[in-house]
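In case you want the letters, here they are:
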Amino acid sequence: MRGRLIILLLILAACGVGSSPAAAQGPPPPAVPLSSGWAHAPDPGDSGLRRGWSRGGPAAGWKPVGVPHLFDRVPVEERFSGRVGWYRARFRAPAAQDGVRWGFRFEQVRRQARVWLNGREVGRHSDPYVPFEVPATGLRPGRTNTLVVRVDSRKGPEPREGWWNWGGISRPVTLVPRGQAMLDDVGVLSDVDCPDGGADRCAASIIVDGTVSHRRSGTLAPTVAVTLTAPDGTVSRGASKVRALRKGERARIRFSVPVRGTPQLWSPDSPTLYRAQVTTRIGDRVVQVDEKRVGLRQVSVRNGMLTLNGRAVDLRGASIQEDLAGRGPALSEADMDLIVEELQEVGANVTRAHYLLNDRLLDRFDEAGILVWNQAPVYHRDDLLVTAEQRARELRTLRGTVIAARSHPSVITHSVANELAPDADDVPGTAAFLRSARGVVHDLDPTVPVSVDLLSYPGYDRQEAFARYDLLGINSYYGWYKGKKTRSTANLGDLEPFLADMRAKYPASALVLTEFGAESTYAGPRTEKETFAFQSDYVSEVLQIVDRSPFLGGAIYWTLHEFAVKPDWDGGANRDVPRDGIHNKGLISYTGDRKEAWAVAREHFRDTPLYRDQALAAGGVANGGGGIRTGLLVAFVTAFVLGLIVLDAWVLGGILGDRRRRARAAVETE
């Protein structure tokens, strides 16, 4: 009897009955969005710190706002250099839960933030383009709390940026639960192996990557587990145990889990998404749960060509700035839906931006099957890469950009910088940054090519700093900007030989035309720069050059929408006309009107197959997959030639048959 009782107790223990109170506790509470309860107070004289506003702000002058929020939703020239503003949120915190602490996650604050909770400073952040988190030290569970944020958007000439200097809390803020052990920067990456052209024979795994930290007393050995659920319900599981951590220690964790069943691949024509749940445990207790949507896809460079799921691609699309008239980058859900709809309407299968895009917008690109060229905002920053300290700061921005975007299947590359010195080998700081940056990206996301976007001045020798990169973006404004005195880009006809020269210099790297465009603001002659007609012809001619360059992986127009830029922006047409601080290269005006070039781009984008093997079937590879019209022409010629061959065979057969009949007759006569 006693033996039976022992066996019964063991069974009950295995089933979790009679376990410890810690094991019996449920999962951590959900995150709490902080979108309401905010107020804003301007601080034009920057006197708020001295006056003690960190304890709750001024007695008067607050205006109720919702977050995201900007100081000014309309770009006003005299405010481009930035100013200071304060935000205050009063919210009721969740009830206390054993083992759970909290933090504040800010998706984006432009530019610098200092954060106080109930009068106590809890954190600072100075990068305007990557998310950050500060601890909610001193949070009062179950009671009303006061969160105060001082935002400073002031900037000088550096860092150089090609867009408006917006100020404010431009993306959401969330109160997030944090357990005894924390899994930071978690990524779930797609690791797919496809043979050339063999997407139906791909093998797939997922990679879970992150950093586990222990911020309490004692020693812990957490376990990180992942459950991946396919659309058809097939489940794949895996886990890895972290080494024992003492208080304050951190440890990197990375493990791979094979995907059960036949992989359902993600692509623009079939954006299939899996659900991934990453669970961090201490013993039996769940201390953190992270949810991701994962797409299984392979992006690689083979023989100098960019491929998706083993097939060479020929991308077409338009870049974006997160800037819509009257809202700037403080985008609503409807604004993000509009961006996706317009990209789809113009036939784009790829987009690009100069900085990390809103995570909710990346979610939409995952769902819509729109590829994303992800880029760190290291733009024309050679002067900020001179010292080791400066380079470390830019590498932190790059790291944050990659970590935030790497779980999205729509992201096909991480570009480390945009338009650095074209003679990078001779600029020590730039060359050093490029060496380090490549390693950072490969470490954080080994599943996609690492890229860098280049200026298109002619005559530079091959740069080893660029040759190390898998993928090179080429920003070309041949035929629009004049270029430099000894390196002219004034003639559009020079673009084609420049592209061929880049292919010869960098044969192992895939090449994509990542920028091209022309300003347009009024109706006028096709020969006159800045007219709508000139822009239309420019778009058409550049895309024809791309069609004739089959070694390119595609082209991305700059940009889909017009956007606000520095007040002295002249557009490049060298015309003496009033300027409004709007970058006018967009296919859509700042007020939302479609230009003539929109229709030109739409026709070409829609006519160009995504995959080059599709273009081959249509007869378009010789001109870079130039589209359905070219394919029909080639098909007609092919049919005509085949017809001649059949006719020749018929005639020849008749001649030979006649000879055979005469020969038989001669034999019979003999």
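Throughout this document, residue positions are counted from 1 along each chain, in the order its sequence is written. Local features in this predicted model are restricted to residues of pLDDT 70 or higher, and side-chain atom pairs are both shown and tallied only at a pLDDT of 80 or more, whereas totals for entire chains, interfaces and linings draw on every residue. Hydrogens and waters are ignored; side-chain quantities use all the structure's heavy atoms.

J.: Quick rundown of the state of the cysteines? Include the residues and the values.
T.: Note on disulfides: each one is a pair of cysteine sulfur atoms within 2.5 Å. Taken as a whole and judged by the stated rule, the model has one disulfide. A disulfide bridge connects Cys194 with Cys202, and the sulfur atoms are separated by 1.9 Å. As the torsion about the S-S bond is roughly 115°, the Cys194-Cys202 disulfide counts as right-handed. As far as burial versus exposure is concerned, Cys194 and Cys202 are alike and both buried. Here's how the labels work: a residue is buried when its accessible area is under 20% of the maximum for its type, exposed when over 50%, partly exposed in between, all with a 1.4 Å probe on protein chains only.

J.: A description of the side chain of Arg111 should follow, citing residues and the corresponding values.
T.: For the purposes of this entry, the term helix denotes a DSSP run of H or I that reaches at least four residues, the term strand denotes a run of E that reaches at least two, and both are numbered from the N terminus. Here Arg111 is to be found in the loop between strand E6 (101-106) and strand E7 (112-117). Of note is the side chain of Arg111, whose polar atom sits 3.2 Å from the side chain of Asn165. Under this definition, polar contacts are N or O atom pairs within 3.5 Å; protein pairs additionally need one hydrogen-donor-capable and one acceptor-capable atom, and for neighbouring residues in sequence, both atoms have to be side-chain atoms.

J.: Can you break down a negative patch on the surface residue by residue, with the values?
T.: What goes into a patch is any residue over 30% in relative accessible area without a salt bridge, connected to like charges within 9 Å or, for nonpolar side chains (Val, Leu, Ile, Met, Phe, Trp, Tyr), within 5 Å. For accessible areas, the Shrake-Rupley method is used with a probe of radius 1.4 Å. Any residue's cover is judged against the shown protein chains and nothing else. In what follows, salt bridge is the name for a side-chain nitrogen of Lys or Arg lying within 4 Å of a carboxyl oxygen of Asp or Glu. Charged residues are defined narrowly, with Lys and Arg counted positive, Asp and Glu counted negative, and His plus the chain ends left uncounted. A single reference atom marks each charge: NZ on Lys, CZ on Arg, CG on Asp, CD on Glu. Judged by side-chain charge, Glu77, Glu78, Asp568 and Asp570 come together as a negatively charged surface patch. If you trace the backbone, Asp568 turns up in the loop between strand E39 (563-564) and strand E40 (582-583). The exposed category is assigned to Asp568, whose relative accessible area is 59%.

J.: Describe the environment of Asp72, and please don't skip the residues or the numbers.
T.: Structurally, Asp72 is set in the loop between strand E4 (69-70) and strand E5 (84-92). For Asp72 and Trp166, which are 94 residues apart along the polypeptide, the C-alpha to C-alpha distance reads 7.6 Å. Only heavy atoms enter the contact rule, under which two residues are in contact if any of them lie within 4.5 Å. Not counting chain neighbours up to four residues away, the residues in contact with Asp72 comprise Arg79, Arg83 and Trp166. Within the structure, the side chain of Asp72 is placed 2.5 Å from the side chain of Arg79, a separation counted as a polar contact.

J.: How would you sum up the nonpolar core? Please name residues and give values.
T.: Membership of the largest hydrophobic core comes to 84 residues, with the highest contact counts inside it found for Ile320, Leu343, Phe365, Val416, Phe433, Leu434 and Val452. In terms of residues, this core owes the most to one element, helix H9 (residues 532-547), which gives seven residues. Those residues in contact with Ile320 that sit more than four places away from it in its chain are Ile339, Leu343, Thr351, Arg352, Ala353, Leu357, Leu361, Phe365 and Leu560. Think of a nonpolar core as a cluster: buried Ala, Val, Leu, Ile, Met, Phe, Trp, Tyr and Cys residues, connected wherever their side-chain atoms sit within 4.5 Å. The next biggest cluster of nonpolar side chains, apart from the first, holds 28 residues, and it includes Phe91, Phe106, Ala136 and Leu139.

J.: Before we move on, can you summarise the sheet that holds strand E25 (residues 305-308) with the specific residues and values?
T.: With antiparallel pairing, three strands are arranged side by side in an open sheet as E24-E25-E26. Each of the sheet's edge strands pairs with one partner strand only, and the pair in question is strand E24 (299-302) and strand E26 (311-312). Pairing between strands requires that DSSP locate at least two bridges from one strand to the other. Here four bridges tie E24 to E25, and the two strands are oriented antiparallel to one another. For Arg302, the partnering residue across the bridge sits in E25 and is Met305.

J.: I'd love a proper account of the environment of Ser456, names of residues and values included.
T.: Here Ser456 is to be found in the loop between strand E31 (450-455) and helix H7 (464-467). For the pair Ser456 and Leu495, spaced 39 residues apart in sequence, the C-alpha separation works out to 8.9 Å. Residues within four places of Ser456 in sequence aside, it is in contact with Ile474, Asn475, Ser476, Tyr477, Tyr478, Thr489 and Phe498. Here the side chain of Ser456 touches Asn475 through a polar contact of 2.7 Å, landing on its backbone oxygen.

J.: Can you break down the pattern of salt bridges residue by residue, with the values?
T.: In the structure shown here, the tally under the stated rule is 40 salt bridges. The closest approach of N and O atoms between Asp453 and Arg352, which form a salt bridge, is 2.8 Å. Residue Asp453 is found in strand E31, and its partner Arg352 is found in strand E28 (residues 350-352); the two are separated by 101 residues along the sequence. The network of salt bridges with shared partners includes Asp209, Arg252, Arg254, Arg406 and Asp443.

J.: Residues and numbers for the sheet that holds strand E10 (residues 144-152), please.
T.: Strands pair in a sheet through their backbones, by hydrogen bonds, and they do so in one of two ways: parallel or antiparallel. Judged by pairing direction, the sheet is antiparallel, and its six strands sit side by side in the order E3-E2-E5-E10-E7-E8 without closing on themselves. In this open sheet, the two edge strands, each paired with only one partner strand, are strand E3 (63-65) and strand E8 (120-125). Neighbouring strand axes in the sheet, compared pairwise and without regard to direction, differ in orientation by 25° on average. Pairing of strand E2 (residues 38-42) with E3, which is carried by three bridges, proceeds in the antiparallel orientation. Axis definition: a line fitted to C-alpha atoms, limited for helices to the stretch in contact. Angles are taken between N-to-C directions and run from 0 to 180 degrees.

J.: I'd like a rundown of the side chain of Glu515, residues and numbers included.
T.: Along the chain, Glu515 falls in strand E35 (residues 510-515). Overall, Glu515 belongs to the buried group, its relative accessible area being 3%. Polar side-chain contacts of Glu515 include one of 2.5 Å to the side chain of Tyr477.

J.: Mind laying out the pairing of E10, listing which residues take part and the relevant values?
T.: Within E10, eight of the nine residues are buried, leaving the element largely enclosed by the surrounding structure. In the sheet, E5 pairs with E10 via nine bridges, with the strands oriented antiparallel. Pairing of Trp86 across the sheet is with Arg150, part of E10. Note that E7 and E10 share six bridges and pair antiparallel. Among the inter-strand pairings, Ala113 is bridged to a residue of E10, identified as Val151.

That is the geometry; function is a separate question.
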